[in-house]
Amino acid sequence: MKQRDELPIFSFKNYYGAQSTTVLLNASNSVKYAVKTVDIVEQHKRIETLQKRDSINDLATAQGRLVHLRDNEVVLFKVARSNYWQARFRIYTGKWIRFSTRRRNIDDARQIACDRYDEARYRERLGFTPLVKRFDEMAKCCVAEMRRDISAGTGKKIYTAYIAVIETYLIPFFGQMYLTSITNKHIAEFEVWRNSQLRRPPKVSTLLTFATAFTRITQTAVEQGWISDKVPVPKLNVRGEKGQARPAFTNVEVSQIRQHLKTWYVGVEGYTGEMRLMLRDLVDVLTLTGMRQGTESMNLEWKHIEWYVEKDVRYLRIWVSGKTGARWLIAKHECLAVLERLQATHDDTAALSFNDLLALRMPVKLFRFKDGRKPFEMNKIFRRLLEDMDLVKGQAGTDRTLYSLRHTYATQELLAGRDIHTLARQMGTSVVMLERHYSKLTATMAAEHLA
């Protein structure tokens, strides 16, 4: 704003025409217009001329830095933001391939660019992608595929373990290598490094997870055409210490735990009191169903439970989804009282009859705090209970956990003469797995005939 004869003057550009306008306001607030015509078109032409001249100068400078190779098929050039020589070439499909040689020396850059060009043409003739990707690029693609499957509901629970292995161990070590250049020496060096990171000798089950994750990356590379399935790729070692079966509880110990839990929460307030009360119900459910602690038990909702009638007898049928996929399992009749107790714990279910609750198919967690949150984990508070009762160690001196209740369920069912095929379906495992871990019970199960 300027002052002219003590009158305020406002000037602004009219962007919708070739004029600029000056507005003068006098003391009586009347408005006078003073219009000054400016040749805006001429100004635009002048600006375009300057820009074109600058572009020509830049192009001339760039042309001075271009290096043509292989009958002009390969071009080396530099960009302002990097000291490295860049390269580009066109493949048979007409697509341009651009990359950094990561070399400052022109002779080194020439060699790398020509080698990549020759390799790309060779791979293209074989039907592969023109350029080989680094291990980390392949691994990230593999992880993305597994995450898509998990989101779509078609992925397995074990995918989360594969993803953790790939992102925590495989990419940090092999990331900048090429899959086809990994040798047995690299594998040996990786295993030494991995074991130092784990801070303990890995069990066979852990090594199998690592080996499968590595193999999935190789499969992704083959499917994407980045490598041939004829190219030998070393595999990770799966020889390690055999895992020990989780110890079980005896029937007497289970009775002691269930009895202690009836009063363990009394007088304890806050989240600790809620968790102790929740633990009582959780222990009973695990003992009476054989489901896995974790993904199966803690994700259980009321909509997953229903009545199943066969020969005029009602059974509680529960839908669980865990390590080996989804399945139906049958709970023992005693589990009804446990579920009714859980129902009475929360205001949103307490007023309903049990049958009405199941009919509503409510998407509400069974194991939750009163504010609706799901507990992060339950193993620590279970260990505290075992410490109070001096039941941490099993007969073999191994620490017992909530998962030991599943082992207890399997042991008791086999000792009761339950068919191993039926038990495998109930527990979501294989007959081979049951035979491997419970083969020691074979003689005991046949005691009546052997004696």
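Residues numbered from 1 in each chain as written. Predicted model: local features only at pLDDT ≥ 70, side-chain atom pairs only at ≥ 80, totals over all residues. Heavy atoms only, no water.

## Points about the overall build of the protein chain
Stated formally: By definition, any uninterrupted DSSP run of H or I lasting at least four residues is a helix, any uninterrupted run of E lasting at least two residues is a strand, and each is numbered from the N terminus. Per-residue accessibility, obtained with a 1.4 Å probe over protein chains only, is compared with the maximum for each type, and a residue is labelled buried under 20%, exposed over 50%, and partly exposed between these values. Contacts: residue pairs with any heavy atoms within 4.5 Å of one another. Where accessible areas are quoted, they stem from the Shrake-Rupley method and a 1.4 Å probe; at the residue level, only the protein chains shown are allowed to cover.
Helices and strands together make up the secondary structure of the protein chain, namely 17 helices and 11 strands. The buried share among the 451 residues of the protein chain stands at 36%. Put simply, 54% of the contacts in the protein chain that link residues at least 6 apart link residues at least 24 apart. Counting every atom, the protein chain has about 27,400 Å² of accessible surface; 51% of that belongs to carbon and sulfur.

## Some points on the sheet that holds strand S7 (residues 86–90)
Under the convention used in this document: Criterion used throughout: strands pair if DSSP finds at least two bridges between them. To define axes, lines are fitted to C-alpha atoms, for helices over the stretch in contact only, and angles between the resulting N-to-C directions are given on a 0 to 180 degree scale.
Taken in spatial order, the 4 strands of this open sheet run S5-S6-S7-S8, and their pairing is antiparallel. In this open sheet, the two strands that pair with only one neighbour each are strand S5 (67–69) and strand S8 (96–100). Taken pair by pair, the neighbouring strands of this sheet meet at an average axis angle of 20°, ignoring direction.

## Focus on the nonpolar core
Our working definition: Here the nonpolar core consists of buried residues drawn from Ala, Val, Leu, Ile, Met, Phe, Trp, Tyr and Cys, with membership extended through side-chain atoms lying within 4.5 Å.
Ile257, Leu279, Trp302, Leu339, Met378 and Leu402 are the most contacted members of the largest nonpolar core, which totals 45 residues. Listed by contribution, the elements that provide at least two residues to this core are helix H7 (251–264), helix H8 (270–289), strand S10 (313–322), helix H9 (335–345), helix H11 (354–360) and helix H12 (379–389). Apart from the residues lying within four places of it in its own chain, the contact partners of Trp302 are Leu339, Leu342, Gln343, Thr349, Phe354, Leu357, Leu358, Met362, Val364, Lys365 and Leu366. Counting residues in hydrophobic clusters, the runner-up holds 30 residues, among them Tyr159, Tyr162, Phe210 and Ala221.

## Description of unusual backbone geometry
Even without being glycine, Arg70 reaches a positive phi, approximately 50°. Assignment of secondary structure puts Arg70 in the loop between S5 and strand S6 (74–77). Backbone geometry at Asp71 places phi at a positive 55°, although glycine is not the residue there. Considering the arrangement of structural elements, one finds Asp71 in the loop between S5 and S6.

## So, the packing of helix H4 (residues 159–174) against helix H5 (residues 184–198)
Worth spelling out the cut-off: The cut-offs work like this: below 35 degrees is roughly parallel, past 145 is roughly antiparallel, 65 to 115 is roughly perpendicular, and the gaps in between are oblique. In this scheme the handedness of a crossing depends on how the near helix is turned from the far one: anticlockwise by less than a right angle means left-handed, clockwise means right-handed. Three classes are used, and their members are as follows: Ala, Val, Leu, Ile, Met, Phe, Trp, Tyr, Cys and Pro are nonpolar, Asp, Glu, Lys and Arg are charged, and the others, Gly among them, are polar.
At a minimum axis distance of 11 Å, the contact between H4 and H5 shows a crossing angle of 135°. Regarding the angle of H4 to H5, the classification is oblique. In this structure, H4 crosses over H5, and the sense of that crossing is right-handed. Facing Thr168, Tyr169, Leu170, Pro172, Phe173 and Phe174 of H4, the residues of H5 in contact are His186, Ile187, Glu189, Phe190, Trp193, Arg194, Gln197 and Leu198. Here the contact of H4 with H5 is built from residues that sort into 9 nonpolar, 3 polar and 2 charged.

## Here's the deal with the side chain of Gln343
Within the secondary structure, Gln343 sits in helix H9. Excluding residues within four positions of it along the chain, Gln343 makes contact with Trp302, Thr349, Ala350, Leu352, Ser353, Phe354 and Leu357.

## Some thoughts on the packing of aromatic side chains
For any pair of aromatic rings, geometry is given as the distance between the ring centres together with the angle between the planes. The condition that has to hold: Note on aromatic pairs: the rings of Phe, Tyr and Trp (six-membered ring only in Trp) are paired at centre separations within 6.5 Å, and the planes decide the class, stacked below 30 degrees, edge-to-face beyond 60, tilted for the rest.
The tally for this structure, following the rule as stated, stands at 20 aromatic pairs. Between Tyr169 and Trp193, the ring centres sit 6.2 Å apart and the planes meet at 70°, which makes this aromatic pair edge-to-face. With Tyr169 in helix H4 and Trp193 in helix H5, this residue pair connects regions lying 24 residues apart in the sequence. Tyr169 gets classed as buried once you look at its relative accessible area, which sits at 16%.

All we've got here are geometric facts, nothing functional implied.
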